[in-house]
Amino acid sequence: MDCIFCKIANGEIPATKVYEDDTVLAFNDLEPQAPSHILVIPKAHIASAADITPENSAVISHIFEVIAKIAKDNNFNDGFRVVNNCGDSAGQTVKHIHFHLMAGRDFTWPAG
Ligand code: AMP
Ligand code: ZN
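Residues numbered from 1 in each chain as written. Chains lettered and ligands numbered in written order. Predicted model: local features only at pLDDT ≥ 70, side-chain atom pairs only at ≥ 80, totals over all residues. Heavy atoms only, no water.

A word on the coordination of the zinc ion (ligand 2)
Around the zinc ion (ligand 2), the protein contributes the donor atoms Cys 3 (SG), Cys 6 (SG), His 45 (ND1) and His 96 (ND1), which lie 2.0 to 2.3 Å from the metal centre. Relative to the metal, the 4 donor atoms surrounding the zinc ion (ligand 2) lie at angles of 106 to 116 degrees, and the coordination shape comes out tetrahedral. Spacing between the donor residues of the zinc ion (ligand 2) along their common chain follows C-x2-C-x38-H-x50-H. Residue His 45 is found in the loop between strand E3 (36-42) and helix H2 (58-73), and its partner His 96 is found in the loop between strand E4 (81-83) and strand E5 (99-103); the two are separated by 51 residues along the sequence. Judged by relative accessible area, His 45 falls into the partly exposed class, the value being 30%. (Donors = N, O, S within 2.8 Å, 3.2 Å for Na, K, Ca; no water. Tetrahedral: all angles 85-135°; square planar, octahedral: opposite > 155°, others 65-115°. Helix = DSSP H or I, 4+ residues; strand = E, 2+ residues; numbered from the N terminus. Buried < 20%, exposed > 50% of the residue type's maximum accessible area, 1.4 Å probe, protein only.)

Okay, structure coming up:
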């Protein structure tokens, strides 16, 4: 499968890693939209949030534990934003589920 985030997860494509364990990887976004912009992904391919099932959802809750740890370790004490784009109209460009963890500036709401 020609999936760029699978290739980052298996080391074929380099990335600046922020956190890694057996099932989850976090790395810096190539085009940061905030002073800190980290992508958190499951190593196993899940295409999007619409593809979460009872069989694969454990890694998603683990991702949120990882997000809390990264936020603590990096002193995102003023707050941070977690974003998942699901599907074309939401702007999902990489079809491997990922959570944008952004911090270091104020964010507006609702997001465009
Ligand atoms: P989305 O539009 O929600 O699918 O987000 C995809 C994100 O992946 C964008 O913010 C891109 O900047 C980022 N991205 C794409 N390729 C890479 C890469 N090789 N390394 C790091 N980030 C990437
Ligand atoms: Zn993938």
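Next comes the rest of the write-up.
Quick word on the pattern of salt bridges
Working definition: two side chains of opposite charge can pair if their charged atoms are close together. One pass over the structure, following the stated rule, counts 5 salt bridges. The residue Asp 2 makes a salt bridge to Lys 7 at a minimum N-O spacing of 2.7 Å. On the basis of relative accessibility, which here comes to 70%, the residue Asp 2 falls in the exposed class. As a salt-bridge pair, Lys 43 and Glu 20 come within 2.8 Å of each other at their nearest N and O atoms. Note that Lys 43 is positioned in the loop between E3 and H2 and Glu 20 in strand E1 (residues 17-20), a separation of 23 residues in sequence. By relative accessible area, which is 23% here, Lys 43 ends up partly exposed. The exposure class assigned to Glu 20 is partly exposed, which follows from its relative accessible area of 40%. Via salt bridges that share partners, Lys 17, Glu 20 and Lys 43 belong to a single interconnected network. (Salt bridge = Lys/Arg side-chain N within 4 Å of Asp/Glu carboxyl O.)

By themselves these figures say nothing about function.
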